[in-house]
Amino acid sequence: MATQSLVDLSTLSPKFQELYAKTKDFVENECIPAEKIYDLQMGQNDQRWKVIPPVLEELKVKARAIGLWNLFLGQDYPEGAGLTNLEYSLIAELTGRCPKLAPEAMNCAAPDTGNMEVFAKYGTPAQKKRWLQPLLDGKIRSAFAMTEPLVASSDATNIETNIRRVGNEYVINGRKWWISGLGDPRCEVLLVLGKTDADNKDKHRQQSIVIVPRDTPGITVVRPMQVFGYDDAPEGHMEVIFKDVRVPAENIILGEGRGFEVIQGRLGPGRIHHCMRCIGMAERGLDLMLTRVTDPTRRTFGKILADHGTIVADIATSRIEIDQARFLVLSAARKIDQVKAKGAMKEIGMAKIVAPNMLLKVLDRAMQAFGAAGISQDTPLAKFYASARTLRYADGPDEVHRNQIGKVELRRAADVAAKIKAQKEKSDKIISAAKL
């Protein structure tokens, strides 16, 4: 793959090289061949939210047995594999080739990854024992409840869910939607973002995150949301109401008013993971396109599709765009390794914009090459496309990242203006000295 020309894998740690080779083999020879049986084992009708296809648990056992487990937790966490962000990003690309099965089979699937990072980074010993360990073991799943239907949630200061301290408890009231993973029968815990101090003059100190066990009274799932008609069962994306939901005060994460701090720590590396999985999906989409256009049974106007100039141009454009996006994402991953996520927000934002948009274009060309089959259930392209479009919202919409990137660039304006002014003054002196 083109990754080899961008990053010399032999310069990375021996441990990474071993895990990378194992992941590549596992995804290509175990996960992708299992996609169809997974679909066949899915529950029907209301059982879609109750049945976990057995092949998934079989894949988890295989992955853990060969050390492909919790690789997303980096060098800052004793619970993890000790990989750098750059190294894990390369592995995330491979899992993106089979996004439904490979990440979860390796216990590296969202939203659990972000939630495990929260527990690992900010959790108390008791919180880690109760929730982090079973998540690390792949015995339970989790959800993160932030987005709300009645406000513009892309600005998280708008969140209205109320978290009120009453004695030794917090009482939660609010409505959330697009809560990924909540439909899964294995989901046992939610991290809920809401306001504990709505009157705080600092808008970024109003929010807190609390741990809410799934079986707590007062949680009502309203409906599963659909993405272009896909319900993504059994995990799903749920609309949910919290009505007088009570949890112990010790369920607060890090402390009151620390919600923004926690979610920023959670989202930085996770955005890069999403981006690299986009690269993997794009590579598989292009692979499928190549097989389609060189299929001798598919001929138009006397020629196979690959003999048409427009097809050749589309293939070239896709290759260019994939490699451009990969370089940008890997650059962001390296920057995180160097200066942590907070110092790499511009690079993370650029990658988060570019990767899903690139994937959409690559998939669109592949679908076009397949004709009507490209938008059907007979290939993974349509499902990949729905996921890619979702990622333009998830973990911050494009517009928010663009705004952030633009503001960072504008910080250079005064220095740039001073440089240009100095250049003009020097130019004027040169002309004056030349007496022209």
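See the structure shown above.
As the structure is a computational prediction, the values presented were derived from the model and not from experiment.

Hey, could you run me through helix H2 (residues 14-31) in this one?
Every α-helix winds through 3.6 residues per turn, so residues three or four apart in the chain are directed the same way. Taking 1.5 Å of rise per residue, the 18 residues of H2 would be expected to cover 26 Å, and the 24 Å separating its terminal C-alpha atoms lies within 8% of that figure. Within H2 the residues assigned to the buried category are Phe16, Leu19, Tyr20, Thr23, Phe26, Val27 and Cys31. Taken around the axis of H2, the buried residues stretch over an arc of 135 degrees, which confines them to a single face.

In this structure, what is going on with helix H10 (residues 309-339)? I would like to understand it.
A rise of 1.5 Å per residue sets the reference length of H10, with its 31 residues, at 45 Å; its end C-alpha atoms lie 45 Å apart and thus fit the reference within 8%. Within the sequence span of H10, burial applies to Ile311, Ser318, Glu321, Ile322, Ala325, Arg326, Val329, Leu330, Ala332, Ala333 and Ile336. Positive backbone phi, at 70 degrees, marks Lys340, one or two positions downstream of H10.

Quick question: what am I supposed to make of the pairing of strand E2 (residues 162-166) here?
Side-chain positions along a regular strand alternate between the two faces of the sheet. Sheet topology places E2 next to strand E3 (residues 169-180); five bridges connect them, and they run antiparallel. Bridge assignment links Ile163 to a residue of E3, and that residue is Ile172.

What is the right way to look at the nonpolar core in this model?
Note on soluble globular proteins: their nonpolar side chains tend to be buried together. If you look at the biggest cluster of nonpolar residues, it comprises 99 residues, and the most contacted ones within it are Leu71, Ile91 and Ile253. What Ile91 contacts, discounting residues up to four positions off in sequence, is Phe16, Leu19, Tyr20, Thr23, Leu71, Leu83 and Met106. The next biggest cluster of nonpolar side chains, apart from the first, holds 20 residues, and it includes Ala145, Leu182, Ile219 and Ile252.

Any chance you could explain the state of the cysteines here in plain terms?
Such a bond, covalent and formed between the sulfur atoms of two cysteines, is termed a disulfide. Scanning the entire structure with this criterion turns up zero disulfides. In this structure Cys187 is a free cysteine whose sulfur lies 18 Å from that of Cys108, the closest cysteine sulfur available. Using a relative accessible area of 4% as the deciding quantity, one classes Cys187 as buried. Not part of a disulfide, Cys275 finds its nearest cysteine sulfur in Cys278, a span of 6.0 Å.

Looking at this structure, how should I read the pattern of salt bridges?
Oppositely charged side chains are able to pair whenever their charged atoms sit close together. For the structure shown, the criterion picks out 36 salt bridges. Put simply, Asp76 and Lys340 hold a salt bridge, and the shortest N to O gap is 3.1 Å. With a gap of 264 residues between them, Asp76 in the loop between helix H4 (54-65) and helix H5 (85-96) and Lys340 in the loop between H10 and helix H11 (345-370) connect regions that are remote in the sequence. For Asp184, the salt bridge is made with Arg186, and the minimal N-O distance between the two is 2.6 Å. The buried category is assigned to Asp184, whose relative accessible area is 2%. It is possible to trace a salt-bridge network through shared partners that takes in Glu57, Lys60, Lys100, Glu104, Asp112, Arg141, Asp184, Arg186 and Glu235.

About the cut-offs
Residues numbered from 1 in each chain as written. Predicted model: local features only at pLDDT ≥ 70, side-chain atom pairs only at ≥ 80, totals over all residues. Heavy atoms only, no water. Helix = DSSP H or I, 4+ residues; strand = E, 2+ residues; numbered from the N terminus. Expected span 1.5 Å × (residues − 1). Buried < 20%, exposed > 50% of the residue type's maximum accessible area, 1.4 Å probe, protein only. Arc of directions from axis to C-beta. Pairing = 2+ DSSP bridges. Core = buried A, V, L, I, M, F, W, Y, C linked by side-chain atoms within 4.5 Å. Contact = heavy atoms within 4.5 Å. Disulfide = S-S within 2.5 Å. Salt bridge = Lys/Arg side-chain N within 4 Å of Asp/Glu carboxyl O.

The analysis is restricted to geometry; functional conclusions fall outside its scope.
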